[in-house]
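Topology and contacts: notes
Chain residues, written in single-letter form:
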Amino acid sequence: MIGILWMILIGFIVGLLARAFKPGDDSMGFILTTLLGIGGALIAGFTGRMLGWYSPNEPVGFIASIVGAIALLFIVNAFSGKPREVV
């Protein structure tokens, strides 16, 4: 039970950091932000371990989770019907 709560907390933190680092308006609530962080962690963890970049429980996994969540955020924004800002 503690492991699930820990995953939700870390997922929320990763989701918040991904939304902070990615420019633009990404309005989503607590649940979607948490799911974004968990999804980014899954994508980054699976990819990083499959490519042999790192093993489980390394600190780089947290950074990779943020990068994975940012990538997931770009993918979600690309497929959503929102108008895009041109800078």
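The structure we're discussing is the one just above.
The following paragraphs examine the structure supplied in this document. (Residues numbered from 1 in each chain as written. Predicted model: local features only at pLDDT ≥ 70, side-chain atom pairs only at ≥ 80, totals over all residues. Heavy atoms only, no water.)

1. Quick notes on helix H1 (residues 2-21)
Across its 20 residues, H1 extends 28 Å between first and last C-alpha, which sits within 8% of the 28 Å expected from 1.5 Å per residue. Where H1 is buried, its residues contact helix H2 (30-50) and helix H3 (60-79). (Helix = DSSP H or I, 4+ residues; strand = E, 2+ residues; numbered from the N terminus. Expected span 1.5 Å × (residues − 1). Contact = heavy atoms within 4.5 Å.)

2. Quick look at H2
Given a rise of 1.5 Å per residue, 21 residues ought to cover 30 Å, and the 30 Å separating the end C-alpha atoms of H2 matches this to within 8%. Those residues of H2 not exposed but buried are Thr 33, Thr 34, Leu 36, Gly 37, Ile 38, Gly 39, Gly 40, Ala 44, Gly 45 and Gly 48. In the core, the buried residues of H2 are packed alongside H1 and H3. Following H2 by one or two positions, Gly 52 adopts a phi angle in the positive range, close to 80°. (Buried < 20%, exposed > 50% of the residue type's maximum accessible area, 1.4 Å probe, protein only.)

3. A word on the packing of aromatic side chains
For the coordinates displayed, the defined rule picks out one aromatic pair. A ring pair is formed by Phe 12 and Phe 30, whose centres lie 4.8 Å apart and whose planes are at 50°; its orientation type is tilted. With Phe 12 in helix H1 and Phe 30 in helix H2, this pair connects stretches of sequence that are 18 residues apart. For Phe 12, a relative accessible area of 23% translates into the label partly exposed. Looking at Phe 30, the relative accessible area reads 51%, which means it is exposed. (Phe/Tyr/Trp six-rings, centres within 6.5 Å; stacked < 30°, edge-to-face > 60°.)

4. Quick word on the nonpolar core
In terms of nonpolar packing, the biggest core is built from six residues, these being Val 14, Ala 18, Leu 36, Ile 66, Ala 69 and Leu 73. Mapped by element, the contributors of at least two residues to this core are H1 and H3. Here Leu 36 is in contact with Gly 15, Ala 18, Arg 19, Met 28, Ala 69, Leu 72 and Leu 73, once residues within four sequence places are set aside. (Core = buried A, V, L, I, M, F, W, Y, C linked by side-chain atoms within 4.5 Å.)

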